[in-house]
Number of protein chains: 2
Amino acid sequence: MRLPRNVKLVEVGPRDGLQNESRIVPAEIKVEFINQLSETGLKVIESTSFVSPKWIPQLADSEFVLSHIKRKKNVQYPVLVPNKQGLENALKAGATEIAVFTAATETFCQKNTNCSLEESLNRCAEVILLAKKNKKINIRGYISCVLGCPYEGEVKASQVVPIAEKLFKWGCHEISLGDTIGVGTPIKAQLLIDAVAAKIPRRKLAAHFHDTYGQALANLLAVLEKGVAVIDSSVSGLGGCPYAKGASGNVATEDVLYMLNGLGIETGVDMEKILKTGRFISDFLNRPPRSKLGQVKML
Amino acid sequence: MRLPRNVKLVEVGPRDGLQNESRIVPAEIKVEFINQLSETGLKVIESTSFVSPKWIPQLADSEFVLSHIKRKKNVQYPVLVPNKQGLENALKAGATEIAVFTAATETFCQKNTNCSLEESLNRCAEVILLAKKNKKINIRGYISCVLGCPYEGEVKASQVVPIAEKLFKWGCHEISLGDTIGVGTPIKAQLLIDAVAAKIPRRKLAAHFHDTYGQALANLLAVLEKGVAVIDSSVSGLGGCPYAKGASGNVATEDVLYMLNGLGIETGVDMEKILKTGRFISDFLNRPPRSKLGQVKML
């Protein structure tokens, strides 16, 4: 099995995770949560989203959170921005890395962002162009529903490739491929990676897999074999799936880390600290950790 | 990715699953459960265990269950037997396939079967020898703790290989390699398969993986790549882990089947019927299905 020696874990718990939790977490707890994550060895912590609080009340405190966290050297704190206004607010609050997002299907764009896929891409282009004026900024591009759509079902790699290509050409340093509803399986995930990697360097791709159907780790193993070396995950499996009530969402950081450790892949992340941080936020949410690791207490 | 075209799923829910559920299921429900499983396309359903009811009260009704199920042609209904007495009782109740069991470590044998590893192997030898007098009988051999032990920790492939070799030489038609506490990771699982397959035909090996640390599907993918084509699983993830309270045990049949279907691997098993049977037994146990598939209700 040929695998990368190092993997960069992108922690999405504070943003993608908390955004899908029904309980709203106070800003001070979020700050403490991100500060704890900063001490685990993670190099990237997606911290919040500058979308309208109308749409995502869970993250209405993005400005406060971003400006109050204790930034650690060598750790990046990207924030999600949906449009020009979001970018301006994010920059004002001190963002030094951002992420833009779109989807692989027309219907998902319509339902999720209330615009067509074309409009969604135009918004991304606009944000990227503006953000690039600030030369220091790193821009991540998210594509949702790359292995299946809750509305359109099957998604082909050929639908994803041109979108990924555009985002990369416009200036995204990394393209995160999201299996938003977790329906993918290993060979399908590999075929997608090969298709996208025909146009974009493999090392610029991130796997953002959800565990809704229990396939996330198997899919991650499959794409690691294809040279993917950036993995998005959420501590304690924060998040859930807005398209399947009560089901799992983001793959849990702890479980990914356990597999990577077992495979001898270096991440620089401390398991004990991750588990502790997972317990901290789960306790606050008043429920057991949703990671398998967090649930195991041997003997 | 080179994978087998066909996989045989060995359903262990009625035995390994129910044996680890705290709620005792009435014999009639077990019979109905097994009869439903018989209609799903499964070719092997491990139905019960002829161990002393003193040790496993959950399966004290083994004779009733085995003699009341509606046997379907081309479906096997193996039962676990711990010793000569168990074999006699099993044969009296009409068993036509049996399974013997031992473990990879001394301490697990002591704690689990109250005898040394050597004595445990002697018991297996005795049962196999007796069983083989009945020429028609198929004998499966289980080895526990092949990727880790709750008492001894790390387990090396070199500890597993001689045990597997003995069981096979004595007459087991299939060796089921059990990651009893689910601590294995993909490369370790592959190394084990390669080590055992140096002595026993690869197609005679079964992967019996638990999902305690969330690794089961990734490990299964890894050993499928190594030519393993027999997988043990438990519908609705019945079972849990006796060594980690509240944690997952056997990997769920539904989740394995979803992955295999996605990989284009033929099993002959009907997903809808498996899901229905999983709901039947979960409803009886008064809890939601423990498979991811069973928890997903999209949109």
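For the structure itself, look to the data block above.
Residues numbered from 1 in each chain as written. Chains lettered and ligands numbered in written order. Predicted model: local features only at pLDDT ≥ 70, side-chain atom pairs only at ≥ 80, totals over all residues. Heavy atoms only, no water.

Trainee: Is there a simple way to think about empty space enclosed by the protein in this case?
Mentor: In this approach a probe as big as a water molecule rolls over the atoms, and the regions it shows empty are the leftover space. Residues and elements named next belong to chain A. Following the criterion strictly, the structure yields 3 cavities of 30 Å³ or more and no others. Roughly 80 Å³ of volume is contained in the largest cavity. Taken together, the elements giving at least two residues each to the lining of the largest cavity come down to β1 (8–11), β5 (97–103) and β6 (138–144). Here the residues of the lining of the largest cavity sort into 5 nonpolar, 2 polar and 5 charged. (1 Å grid on protein atoms, 1.4 Å probe; cavity = no way out; pocket = protein on both sides within 12 Å on 5 of 7 lines; lining within 4 Å. Points joined across faces, edges and corners; volume = space filled by probe spheres on them. Helix = DSSP H or I, 4+ residues; strand = E, 2+ residues; numbered from the N terminus. Nonpolar A, V, L, I, M, F, W, Y, C, P; charged D, E, K, R; others polar.)

Trainee: What exactly am I supposed to notice about the sheet that holds strand β9 (residues 230–233) of chain A here?
Mentor: Sheet strands line up and pair through hydrogen bonds in the backbone, either parallel or antiparallel. Residues and elements named next belong to chain A. Spatially, 9 strands are ordered β2-β1-β9-β8-β7-β6-β5-β4-β3 in an open sheet, and the strand pairing comes out parallel. The open sheet has two free edges, formed respectively by β2 (44–45) and β3 (48–49), since each of these has just one partner strand. In terms of strand pairing, β3 meets strand β4 (residues 79–80) through 2 bridges, oriented parallel. Along β4, the bridge assignment pairs Thr-48 with Val-79. Packing against the sheet, helix α7 (residues 157–170) makes contact with β5, β6 and β7 (174–179), and its axis sits at approximately 165 degrees to β6. (Pairing = 2+ DSSP bridges. Contact = heavy atoms within 4.5 Å. Axes fitted to C-alpha atoms, helices over the stretch in contact; angles between N-to-C directions.)

Trainee: What's the story with the relation of the copies chain A and chain B in this structure? I'm lost.
Mentor: Mapping one chain copy onto the other needs a rotation about an axis and a shift along that axis. Least-squares fitting of chain A to chain B yields an RMSD of 0.0 Å, with the transformation described by 0.0 Å of translation along the axis and a rotation of 180 degrees. The symmetry that links the two subunits is that of a two-fold axis. Looking at the rotation axis and the C-alpha trace of chain A, the residue lying nearest is Ala-218 of chain A, at 2.0 Å. Interface residue correspondence from chain A to chain B reaches 97%, placing this contact among same-surface, isologous pairings. (Least-squares fit on C-alpha atoms with pLDDT ≥ 70 in both.)

Trainee: Hey, could you run me through a positive patch on the surface in this one?
Mentor: All names here are of chain A. On the surface, Lys-273, Lys-276, Arg-279 and Lys-297 cluster together into a positively charged patch. By secondary structure assignment, the location of Lys-273 is in helix α11 (residues 271–285). For Lys-273, a relative accessible area of 40% puts it in the partly exposed group. (Patch = residues over 30% accessible without salt bridge, like charges linked within 9 Å, V, L, I, M, F, W, Y side chains within 5 Å. Areas by Shrake-Rupley, 256 points an atom, 1.4 Å probe, with all protein chains shown as cover. Salt bridge = Lys/Arg side-chain N within 4 Å of Asp/Glu carboxyl O. Lys, Arg positive; Asp, Glu negative; His and termini not counted. Charge placed at Lys NZ, Arg CZ, Asp CG, Glu CD. Buried < 20%, exposed > 50% of the residue type's maximum accessible area, 1.4 Å probe, protein only.)

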